[in-house]
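Chain residues, written in single-letter form:
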Amino acid sequence: MNKLAEPNKRSSSVGWLLLLVALVVVFVLGLLAAGITEKRAEVASVFNNKKVDIGGAKPTYVLSTEANDKKKVTMPNTNIDSRNDQWGINYQREFETWKKTRETDFKSKHLGNAPEDVLESRPNMVILWAGYAFSRDYSAPRGHWYTLHDMRKSLRTGTPGIPDGVEMQPGTCWTCKSPDVPRMMQELGLGKYYSSKWSELGPDVVNPLGCADCHDPKTMNLSLSRPALVEAFSRLTPREVSKDHTNPTNPITNETLKRIGNDVTKAGANDMRSLVCAQCHVEYYFAEGDNKYLTFPWDNGFSMEDMEKYYDNIGYADWTHALRKAPMLKAQHPDYELAMLGTHGKRGVSCADCHMPYKSEGGVKYTNHQIMSPLKDIAGTCQTCHRDSEEKLRSYVYDNQDRVLEIRNRVEPELAKAHIMTKIALDNGVPVEELKPVHKLLREATWRWDYGVASHGAAFHAPVETARILSAALDKSLLAQIELQKILVARNVAVNLPDISTKAKAQAYIGLNMEKLVAGKAEFMKTVVPAWIKDAADKGKLTDPDLVNQYNNYQYPEPTK
C-alpha cells in the first residue's frame with residue numbers, strides 16, 4: 001500500500017513545483033508588462049504635456065549622383081531650433097541632467113571631468129606635436145556644456161579679431177561642438193560652411209552640444225545631424241577577410257555594414273545609440289585642400305592600419321613636424337572605431353548603455369544626459385549587467401588602464417628622443433635622403449601613439465587592441481633610434497638631449513613664445529568672444545541665461561588644478 005502511494009506523493013510534489021514555476025513566470029511577465037506600460041505612459045505623458053512646440057525638423061540628406069562627388073550629400077533646410085533650453089521646457093528631467101555636464105567634480109584614477117593641463121603632466125607631448133597647434137595647448141576633455149567654451153579659450157584656435165590677431169582654424173573645427181552647426185550647414189550649404197573661417201561662424205555657433213545634435217524634435221527618436229557619417233557609410237564596401245587574421249577588423253567592418261547597410265539613417269534603434277556618438281567621436285580629416293571638407297577615412301576599413309593606408313595612398317599629412325621637417329599624421333579621437341573592437345562593442349553594447357544610464361524619479365524612468373565616465377555611477381551602469389561589487393568592477397577597469405598606460409608612458413619619452421635625435425642629425429648636415437627610413441618610422445610611430453592616446457577611453461574600451469597599437473609605436477620608436485645611432489656614430493656626432501622635463505621647457509625648446517600667445521588669447525576672450533555672445537543673444541539665437549552671462553567677470557587663463 002505504501003509503495004502504491006509513493007508515485008502519488010511524487011506527482012503531487014511535481015504539481016506544486018510546476019504551479020510555483022508558473023506563478024513566478026506570470027509574476028515576471030507582469031513586471032515586464034508593467035515596465036513597458038509605464039514607459040509608454042511616460043512617453044505619452046511627455047508628448048501630451050508639451051509646453052512648447054520645438055521648431056523645425058530633423059536633418060535629411062540627399063546623396064549626390066555625381067561620380068566625382070564621392071557620394072557627398074546635400075542638406076535641405078529644416079529650420080532646426082538649436083537652443084537646448086527651449087527643448088528643456090518640454091524635457092525637464094533630461095535637460096537638468098544635461099546641465100550637470102557643467103560639473104567638474106569627478107576624478108577617477110586616470111580620467112574624470114576635472115580640468116587638467118595634459119601637457120603639464122606629460123611634457124614629451126610638446127615635442128611629439130612640435131609645429132602643430134596641440135603643442136601650445138592640450139587639456140583633458142570636459143562635459144558637453146564646455147564644448148564651445150573650451151574651444152574658444154584654447155590656444156589652438158588663435159586670436160582672430162584682435163589687433164595683429166591670428167586666424168588659425170577653419171570653420172570646419174566647429175562641426176562637433178554645437179547643434180547650431182547643422183543649422184549653419186543648411187543655411188550656408190556644406191561647401192561654404194566647411195570653407196568658412198573659424199571666426200566667421202563664431203557669432204552663430206553659440207549653443208553647446210545638446211538636444212538637436214541627436215534627436216528628432218517631432219518624435220524625439222535618435223537621428224543623425226552630421227553629414228560626414230552618412231557619407232562615410234555610403235562609401236563602405238565589404239572587406240576581404242584574411243585567413244591569417246592580419247587584419248582582425250575586417251570582419252567587424254563587414255558585420256557592421258551587413259547590419260546597418262550603406263544608408264546609416266535607417267539603422268536600428270540599438271545601433272543608433274552608438275551612431276549618434278560616432279558622428280563626432282571618430283577619426284577624421286579635412287579633405288580638398290582649402291575647402292576643409294570633413295571626411296572620415298574609412299574607405300579601407302575601420303582599423304588603424306586601414307586608415308593609415310588611406311592617408312598614405314592620397315599623400316595626406318596633417319602638418320610638418322617643426323624639428324624633423326617631415327610630414328605627419330594627427331589622430332583625432334577614434335573612440336567609435338576602437339570601441340567596436342573591445343569586449344563590449346563586439347557584444348552589441350552601445351555607448352549610451354554605459355555613458356547614459358537610466359534614472360528613476362517619482363516613478364518615471366528616463367535617460368541620464370550627464371554623459372561622462374560610467375565609474376561615477378557604477379551601480380547604474382556596470383552593475384545593470386555585472387554582479388561583481390563596485391570595488392571589484394572599478395579594479396577591473398583600473399587594471400586594464402594601468403597596463404595600457406604603462407606602455408604609453410614608455411612610448412612618449414622614447415618617441416620624443418627619436419624626434420630630437422633626428423633634429424640633431426639634420427643640424428649636423430645629414431642629407432634628407434639618408435633620413436627617409438627614419439622619417440617613415442617616426443611618422444608611423446607617432447601615428448600609432450596618437451591613435452592610442454587620442455581616444456580617451458581606449459584603455460578600457462579595447463585594451464588589447466590599444467596595447468597592440470601602442471606596443472607597435474614603441475617598437476618603431478626604438479627602431480628609429482637604432483637607425484639614427486648608426487648615422488650619428490658614423491659621423492662622430494654626440495647626442496646631447498635638451499631638458500624638456502616641464503611643459504615650459506619643452507615649449508621653449510621648440511620655439512614657442514608662450515607669454516605672447518597667452519596675452520593674445522586673454523585679449524581675445526575679453527573682447528571678441530563677449531561680442532559674439534551679445535550678438536547671438538540680441539538676435540535670439542542664444543536664450544539660456546547661464547550661457548548669455550557666462551563671460552561676465554570671466555578671467556583668462558583659468559586655473560587647471
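Described below are features of the structure shown in this document. (Residues numbered from 1 in each chain as written. Predicted model: local features only at pLDDT ≥ 70, side-chain atom pairs only at ≥ 80, totals over all residues. Heavy atoms only, no water.)

Turning next to the overall build of the protein chain. Across its full length, the protein chain holds 23 helices and eight strands. Taking 24 Å as the expected radius of gyration for a compact globule of 561 residues, we find that the protein chain reaches 27 Å, a close match to that expectation. Across its three principal axes, the protein chain shows a C-alpha extent of roughly 105 × 70 × 50 Å. For the protein chain, the proportion of its 561 residues judged to be buried stands at 49%. Counted over contacts in the protein chain with a minimum sequence separation of 6, partners at least 24 positions apart contribute 72%. (Helix = DSSP H or I, 4+ residues; strand = E, 2+ residues; numbered from the N terminus. Rg over C-alpha atoms; globule rule 2.2 N^0.38 Å. Buried < 20%, exposed > 50% of the residue type's maximum accessible area, 1.4 Å probe, protein only. Contact = heavy atoms within 4.5 Å.)

To continue, consider the nonpolar core. If you look at the biggest cluster of nonpolar residues, it comprises 80 residues, and the most contacted ones within it are Trp174, Leu224, Phe233, Leu275 and Trp298. Of the residues forming this core, the biggest block, nine residues, is contributed by helix H22 (residues 514-538). Beyond its immediate stretch of four places on either side in the chain, Trp174 contacts Leu148, Met151, Arg152, Val181, Tyr193, Trp198, Leu201, Gly202, Val205 and Trp532. Membership of the second largest hydrophobic core comes to 45 residues, among which are Trp319, Met421, Trp449 and Ala506. (Core = buried A, V, L, I, M, F, W, Y, C linked by side-chain atoms within 4.5 Å.)

The next subject is a nonpolar patch on the surface. Taken together, the side chains of Leu17, Leu20, Val21, Val24, Val25 and Leu29 present a nonpolar region at the surface, about 540 Å² in accessible area. Tracing the backbone shows Leu29 in helix H1 (residues 2-48). (Patch = residues over 30% accessible without salt bridge, like charges linked within 9 Å, V, L, I, M, F, W, Y side chains within 5 Å. Areas by Shrake-Rupley, 256 points an atom, 1.4 Å probe, with all protein chains shown as cover. Salt bridge = Lys/Arg side-chain N within 4 Å of Asp/Glu carboxyl O.)

Examined bridge by bridge, strand S7 (residues 358-361) and strand S8 (residues 364-367) share four bridges and lie antiparallel to one another. Among the inter-strand pairings, Lys359 is bridged to a residue of S8, identified as Tyr366. Counting the residues between successive antiparallel strands, the hairpin from S7 to S8 contains two residues, one of them, Gly362, with a positive phi of roughly 60°. (Pairing = 2+ DSSP bridges.)

Our focus in this paragraph is unusual backbone geometry. Cis peptide bonds are those with omega within 30 degrees of zero, and the linkage from Tyr556 to Pro557 qualifies with 0°. Mapped onto the fold, Pro557 is located in the segment after helix H23 (545-548). Despite not being glycine, Lys325 has its phi angle at roughly 55°, a positive value. Structurally, Lys325 is set in the loop between strand S5 (319-320) and strand S6 (327-328).

In the structure shown here, the tally under the stated rule is 29 aromatic pairs. Seen from their ring centres, Tyr284 and Phe286 are 6.0 Å apart, and the 25° between their planes marks the pair as stacked. We note that Tyr284, like Phe286, is buried. Ring centres 5.3 Å apart and planes at 90° place the aromatic pair Tyr285 and Tyr311 in the edge-to-face group. (Phe/Tyr/Trp six-rings, centres within 6.5 Å; stacked < 30°, edge-to-face > 60°.)

Now for the state of the cysteines. By the definition in use, this model includes zero disulfides. Cys176 supplies the cysteine sulfur nearest to Cys173, a cysteine that is in no disulfide, at a spacing of 9.9 Å. (Disulfide = S-S within 2.5 Å.)

What follows is about the packing of helix H17 (residues 390-427) against helix H20 (residues 463-490). Their axes nearest at 8 Å, the elements H17 and H20 cross at an angle of 25°. On the basis of the axis angle, H17 is roughly parallel to H20. For the pair H17 and H20, the crossing hand works out as left-handed. In the contact of H17 with H20, the residues fall into 16 nonpolar, seven polar and four charged. (Axes fitted to C-alpha atoms, helices over the stretch in contact; angles between N-to-C directions. Parallel < 35°, antiparallel > 145°, perpendicular 65-115°, else oblique. Left-handed = near helix turned anticlockwise from the far one by under 90°. Nonpolar A, V, L, I, M, F, W, Y, C, P; charged D, E, K, R; others polar.)

What follows covers the environment of Lys177. By the secondary structure assignment, Lys177 is in the loop between helix H6 (147-152) and helix H7 (180-188). Owing to a relative accessible area of 27%, Lys177 belongs among the partly exposed residues under this scheme. Those residues in contact with Lys177 that lie beyond four places of it in its chain are Thr147, Leu148, Met151, Asn207, Pro208, Leu209 and Arg226.

With that settled, the discussion passes to empty space enclosed by the protein. Applying the stated criterion across every chain yields a total of two cavities of 30 Å³ or more. Estimated volume of the largest cavity: approximately 50 Å³. Every residue lining the largest cavity is listed: Gly55, Gly56, Ala57, Lys58, Pro59, Ile80, Asp81, Trp87, Ala212, His215 and Pro217. Each residue belonging to the lining of the largest cavity can be placed in one class, and the counts come to six nonpolar, three polar and two charged. Of the voids in this model, the second largest cavity is the one considered here, and its volume is about 40 Å³. Lining the second largest cavity are Trp145, Leu148, His149, Arg152, Val206, Pro208, Leu547 and Gln550. A total of three residues in the lining of the second largest cavity trace back to one element, the largest contributor, which is H6. Among the residues forming the lining of the second largest cavity, the class breakdown is five nonpolar, two polar and one charged. (1 Å grid on protein atoms, 1.4 Å probe; cavity = no way out; pocket = protein on both sides within 12 Å on 5 of 7 lines; lining within 4 Å. Points joined across faces, edges and corners; volume = space filled by probe spheres on them.)

Here we take up helix H12 (residues 269-278). Extensive coverage of H12 is indicated by the burial of seven of its 10 residues. All buried positions along H12 are accounted for by Asp271, Met272, Arg273, Ser274, Leu275, Val276 and Ala278.

What follows deals with the side chain of His149. Summarising the element assignment, His149 is placed in helix H6. Classification of His149 by relative accessible area gives buried; the value is 6%. In this view, His149 contacts Arg142, Met525, Gln550, Tyr551, Tyr554 and Glu558; residues no more than four positions away in its chain are not counted.

Between H17 and helix H18 (residues 436-454), the least distance of the axes is 11 Å, while the angle of their chain directions is 150°. Classified by the angle between their axes, H17 and H18 sit roughly antiparallel to one another. Every pair of crossing elements has a handedness; the one defined by H17 and H18 is left-handed. Residues Arg408, Val411, Glu412, Leu415, Ala418, His419 and Thr422 of H17 touch H18, and the partners they reach there are Val438, His439, Leu442, Ala445, Thr446, Trp449 and Val453. Residues of the contact of H17 with H18, tallied by class, amount to eight nonpolar, four polar and two charged.

The next subject is H7. Judged by how many residues are buried, H7 sits mostly within the fold: seven of nine residues are covered. Turning to H7, its buried residues number three or more, namely Asp180, Val181, Pro182, Arg183, Met184, Met185 and Gln186. Among the structural elements, helix H8 (190-195) and helix H10 (227-235) are those in contact with the buried residues of H7.

Inspection of the secondary structure assignment puts Ser223 in the loop between helix H9 (211-214) and H10. At a separation of 3.4 Å, a polar atom in the side chain of Ser223 contacts the main-chain amide nitrogen of Asp216. Setting aside anything within four residues of it in sequence, one finds Ser223 in contact with Lys58, Asp213, Cys214, His215, Asp216, Met272, Val276 and Gln279. (Polar contact = N/O pair within 3.5 Å; in protein donor to acceptor, adjacent residues only side chain to side chain.)

It is worth spelling out the environment of Asp312 at this point. Assignment of secondary structure puts Asp312 in helix H13 (residues 304-314). Considered as a pair, Asp312 and Leu329 are 17 residues apart in the sequence and their alpha carbons are 9.7 Å apart.

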